[in-house]
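Secondary and tertiary structure notes
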Amino acid sequence: AQKVTQAQTEISVVEKEDVTLDCVYETRDTTYYLFWYKQPPSGELVFLIRRNSFDEQNEISGRYSWNFQKSTSSFNFTITASQVVDSAVYFCALSAPFSGGYNKLIFGAGTRLAVHP
Amino acid sequence: EAGVTQFPSHSVIEKGQTVTLRCDPISGHDNLYWYRRVMGKEIKFLLHFVKESKQDESGMPNNRFLAERTGGTYSTLKVQPAELEDSGVYFCASSQDGEYYGYTFGSGTRLTVV
């Protein structure tokens with residue numbers, strides 16, 4: 001079965017704290033893609049990153065970083081020195097051939113992050 | 001370029017009524033998708049159009065839901081008759097090519113059935 005689990009429903013931090021959002025996935029496929037999306041209060045889903053299963057290098061983009069570990073089927077997302085503008089719901093997602101093809105995204109339930117001043 | 005546009009942004013209807021959601025994809029995008037998030041749970045795939053044809057409608061919950069895509073341009077998702085459990089946020093997305101690469105989502109339509 002294909003599944004994405006985001007165990008943290010809500011996280012609350014104070015500005016400038018670092019925060020890590022967890023994502024664990026299940027898939028039978030050896031080739032697959034993992035994603036993170038951000039949903040700010042305005043509602044749209046904003047693409048943050050796509051990572052394929054053959055690329056286990058960690059990625060850093062400004063204050064954002066992603067840690068992909070195939071051994072533990074995890075694709076965690078860290079925000080360093082969080083800011084109020086980071087407050088949003090964050091979704092992890094998976095696409096893979098056996099889950100209906102690369103066109104179909106399987107999402108986790110999302111983690112609501114609240115960053116307080 | 002304009003993004004994916006969805007309207008209405010919010011809709012409140014009574015159980016048993018009909019509601020039609022509309023999605024205008026990015027111009028030139030052949031692939032159009034519908035997803036929905038119900039009651040704070042995960043976002044789930046509903047269906048995928050390639051131009052005007054339904055490529056995959058495996059996620060449509062039941063026959064109260066009807067999706068169309070006229071002339072391969074905009075798409076509508078009709079719920080008739082609406083039930084309480086249909087409440088949620090309905091997202092539309094579009095992409096240019098067949099494989100995922102550049103999926104752009106709209107802001108969603110929040111549907112509340114009372």
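Refer to the preceding data block for the structure.
Let me sum up the structure you'll find in this document. This one's a predicted model, so the numbers in the text were calculated from it and none came from an experiment.

Here we look at the overall build of chain A
Counting its secondary structure elements, chain A contains 0 helices and 12 strands. Traced from its N-terminal end to its C-terminal end, chain A shows the element sequence β-β-β-β-β-β-β-β-β-β-β-β. The C-alpha radius of gyration computed for chain A amounts to 14 Å, which stays within 12% of the reference 13 Å derived for 117 residues, consistent with globular compactness. A principal-axis box enclosing the C-alpha atoms of chain A has dimensions of 45 × 30 × 20 Å. Taken across its 117 residues, chain A has 49% of its residues classed as buried. For chain A, the share of sequence-separated contacts (at least 6 apart) that also reach a separation of at least 24 residues comes to 57%. Of the accessible surface of chain A, which amounts to about 5500 Å², a share of 50% is contributed by carbon and sulfur atoms. Computing the positive centroid from 10 side-chain charges and the negative centroid from 12, chain A places the two 6 Å apart.

Re the overall build of chain B
Summing up its helical and strand segments, chain B has 0 helices and 11 strands in all. For chain B, the sequential pattern of α-helices and β-strands runs β-β-β-β-β-β-β-β-β-β-β. Its C-alpha radius of gyration of 13 Å places chain B within 12% of the 13 Å reference for a compact globule of 114 residues. With the C-alpha coordinates of chain B rotated into their principal frame, the extents come out at 40 × 25 × 25 Å. Relative to its full complement of 114 residues, chain B shows a buried share of 47%. In chain B, of all internal contacts separated by at least 6 residues, the share reaching a separation of at least 24 is 52%. By element, 46% of the accessible surface of chain B is carried by carbon and sulfur atoms, the whole surface being about 5600 Å². Seen as two clouds, the 12 positive and the 14 negative side-chain charges of chain B have centres 6 Å apart.

Structural notes on the nonpolar core
Grouped together as the largest cluster of nonpolar side chains are 25 residues, with contacts concentrated most on Trp36, Phe77, Tyr90 and Leu113 of chain A. Of all the elements in the fold, those that place two or more residues in this core are β2 (10-14), β3 (19-21), β5 (33-39), β8 (64-69), β9 (74-79), β10 (88-96) and β12 (111-116) of chain A. No other element matches β10 of chain A, which puts 5 residues into this core. Setting aside residues up to four positions removed in sequence, Tyr90 of chain A forms contacts with Gln6, Leu21, Trp36, Tyr37, Lys38, Leu48, Tyr64, Phe77, Ile79, Gly110, Thr111 and Leu113 of chain A. Of all hydrophobic cores here, the second largest spans 21 residues; its members include Leu21, Ile26, Val79 and Leu111 of chain B.

Things to note about the side chain of His48 of chain B
Position of His48 of chain B relative to the elements: it lies in strand β5 (residues 43-50). With near-sequence residues (within four places) excluded, His48 of chain B lies in contact with Asn103 of chain A together with Asn31, Leu32, Tyr33, Ser53, Lys54, Gln55 and Asp56 of chain B.

Re the interface of chain A and chain B
How big an interface is tends to be stated in terms of accessible area lost as the parts join. Facing the 19 residues of chain A at the interface are 20 residues of chain B. Buried area between chain A and chain B, both sides added, is near 1700 Å², and the carbon and sulfur share of it is 55%. At the junction of chain A with chain B, the criterion picks out 1 salt bridge. Among the ionic pairs, Lys104 of chain A bridges to Asp56 of chain B, the shortest N-O distance being 3.4 Å. For the pair chain A and chain B, the number of links is 4 residue pairs in polar contact (both at pLDDT 80 or more). Listed by contribution, the elements that provide at least two residues to the side of chain A that touches chain B are β5, β6 (46-52), β10 and β11 (101-107) of chain A. Here the residues of the side of chain A that touches chain B are counted per class, giving 10 nonpolar, 6 polar and 3 charged.

Conventions used here
- Residues numbered from 1 in each chain as written.
- Chains lettered and ligands numbered in written order.
- Predicted model: local features only at pLDDT ≥ 70, side-chain atom pairs only at ≥ 80, totals over all residues.
- Heavy atoms only, no water.
- Helix = DSSP H or I, 4+ residues; strand = E, 2+ residues; numbered from the N terminus.
- Rg over C-alpha atoms; globule rule 2.2 N^0.38 Å.
- Buried < 20%, exposed > 50% of the residue type's maximum accessible area, 1.4 Å probe, protein only.
- Contact = heavy atoms within 4.5 Å.
- Areas by Shrake-Rupley, 256 points an atom, 1.4 Å probe, with all protein chains shown as cover.
- Lys, Arg positive; Asp, Glu negative; His and termini not counted.
- Charge placed at Lys NZ, Arg CZ, Asp CG, Glu CD.
- Core = buried A, V, L, I, M, F, W, Y, C linked by side-chain atoms within 4.5 Å.
- Buried area = accessible area lost by both parts, 1.4 Å probe.
- Salt bridge = Lys/Arg side-chain N within 4 Å of Asp/Glu carboxyl O.
- Polar contact = N/O pair within 3.5 Å; in protein donor to acceptor, adjacent residues only side chain to side chain.
- Nonpolar A, V, L, I, M, F, W, Y, C, P; charged D, E, K, R; others polar.

Note that all results are geometric; they support no functional claim without further evidence.
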